[in-house]
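Geometric and topological summary
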Amino acid sequence: MPIVRRFEQKRQTLEEFYKEFIPKNEDTFEDVGTPMLEVLSLLNEIFPQTKIYGLTSHAHLLLFNDDKENSDYFIVISAYKSKYYNEFRIEYIIPENERPWEGAIIQGKSRTLNEFKNMIIISIYKSGGWKNNLELEDLYQKIK
């Protein structure tokens, strides 16, 4: 299933939102839109059957396992592209029964989308937000 934007931000799709972050020739800031669109495409490719809900916070993408009010996110993804390199960042919340303190997270970064793909799978699996998901379990076992 394609990743969909949560109910709080239904006025535009995730793709429409990140297209606004693609710089124009006269802009001096780095490109956030293009690599985030690549991440959205990758999520849709990796998880054709898994429901993932996205919420944007500035240019970050928060991933949820449901579309309900007051639910917590499990993953945060950000990316940018400079004229020299790409950088993809991810963090996931350590599940409550494993965390050493409230709000403990694991963070990682990659310069390649291919490596980032495995980081996404591991993060979604280890976050515990998509328990008993056979598609995710299969993907995780293949890269483990």
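Check the entry above for the structure.
In this report, the structure presented in the accompanying data block is examined. As the structure is a computational prediction, the values presented were derived from the model and not from experiment. (Residues numbered from 1 in each chain as written. Predicted model: local features only at pLDDT ≥ 70, side-chain atom pairs only at ≥ 80, totals over all residues. Heavy atoms only, no water.)

What about the packing of helix 2 (residues 33–46) against helix 3 (residues 113–127)?
Selection rule: Axis definition: a line fitted to C-alpha atoms, over the contacting stretch in the case of helices. Angles run 0 to 180 degrees between N-to-C directions. Each helix corresponds to a stretch of at least 4 residues labelled H or I by DSSP, and each strand to a stretch of at least 2 residues labelled E; elements are numbered beginning at the N terminus. Should an angle fall under 35 degrees it is called roughly parallel, over 145 degrees roughly antiparallel, and 65 to 115 degrees roughly perpendicular, with every other angle called oblique. Crossings are classed by handedness, with left-handed meaning an anticlockwise turn of the near helix from the far one by less than a right angle and right-handed meaning a clockwise turn. Note on contacts: a residue pair is in contact if any heavy atoms of the two residues lie within 4.5 Å. In this count, Pro and Cys sit with the nonpolar residues alongside Ala, Val, Leu, Ile, Met, Phe, Trp and Tyr, while Asp, Glu, Lys and Arg are called charged and the others, Gly among them, polar.
One can describe the packing of helix 2 onto helix 3 by two numbers: an axis separation of 11 Å at closest approach and a directional angle of 60 degrees. With respect to their mutual orientation, helix 2 and helix 3 come out oblique. As for the relative orientation of helix 2 and helix 3, their crossing is right-handed in sense. Residues Glu38, Val39, Leu42, Leu43, Glu45 and Ile46 of helix 2 lie in contact with helix 3, whose contacting residues are Leu113, Phe116, Lys117, Ile120, Ile121 and Ile124. Partitioned by chemical class, the residues of the contact of helix 2 with helix 3 number nine nonpolar, no polar and three charged.

A closer look at the pattern of salt bridges
Put simply, the test is: Salt bridge, as applied in this entry: a Lys or Arg side-chain nitrogen positioned within 4 Å of an Asp or Glu carboxyl oxygen. In this scheme, a residue with accessible area under 20% of its type's maximum is buried, one over 50% is exposed, and one in between is partly exposed, where area comes from a 1.4 Å probe on protein chains only.
Under the counting rule described, the total for this entry stands at five salt bridges. The partner of Glu8 in a salt bridge is Arg6, and the shortest N-O contact between them spans 2.8 Å. In this structure Glu8 comes out as partly exposed when scored by relative accessible area, which is 40%. Across the pair Arg6 and Asp66 runs a salt bridge whose closest N-O atoms are separated by 3.5 Å. Here Arg6 is found in the loop between strand 1 (4–5) and helix 1 (14–19), whereas its partner Asp66 is found in the loop between strand 3 (60–64) and strand 4 (75–81), with 60 residues between them in sequence. Assessed through its relative accessible area of 1%, Arg6 is described here as buried.

Considering the layout of surface pockets
Put simply, the rule reads: Space inside and on the surface of the protein is sampled on a 1 Å grid over the protein atoms alone, with a cavity defined as a set of points where a 1.4 Å probe fits but cannot get out and a pocket as an open set with protein on both sides within 12 Å along at least 5 of 7 lines; lining residues have an atom within 4 Å of a point. Grid points are joined across faces, edges and corners, and a volume is the space filled by probe spheres set on the points.
Volume-wise, the largest pocket comes out at about 280 Å³. Tyr125, Lys126, Ser127, Gly128 and Lys131 are, among the 16 residues lining the largest pocket, the residues nearest its centre. Looking at which element gives the most residues to the lining of the largest pocket, the answer is helix 3, with four residues. Of the residues that constitute the lining of the largest pocket, the class distribution is six nonpolar, five polar and five charged. Its volume calculated, the second largest pocket comes out at about 190 Å³. Along the walls of the second largest pocket sit Asp72, Tyr73, Phe74, Ile93, Ile94, Pro95, Glu96, Arg99, Glu102, Gly103 and Ser127, which together make up its complete lining.

Remarks on the packing of aromatic side chains
Our working definition: Put simply, two rings from Phe, Tyr or Trp (the six-membered ring, in Trp's case) pair if the centres are within 6.5 Å, and we call them stacked under 30 degrees between planes, edge-to-face over 60, tilted for the rest. In this scheme, Lys NZ or Arg CZ marks a charge over a ring once it lies within 6 Å of the ring centre and within 35 degrees of the ring normal.
Applying the stated criterion across every chain yields a total of eight aromatic pairs. Cluster of aromatic residues (ring-pair linked, three or more members): Phe17, Tyr18 and Phe21. The cationic tip of Arg6 hangs over the ring face of Phe64; the distance from NZ or CZ to the ring centre is 3.9 Å. Stacked on the ring of Tyr85, the Lys or Arg Arg111 has its end atom at 3.8 Å from the ring centre.

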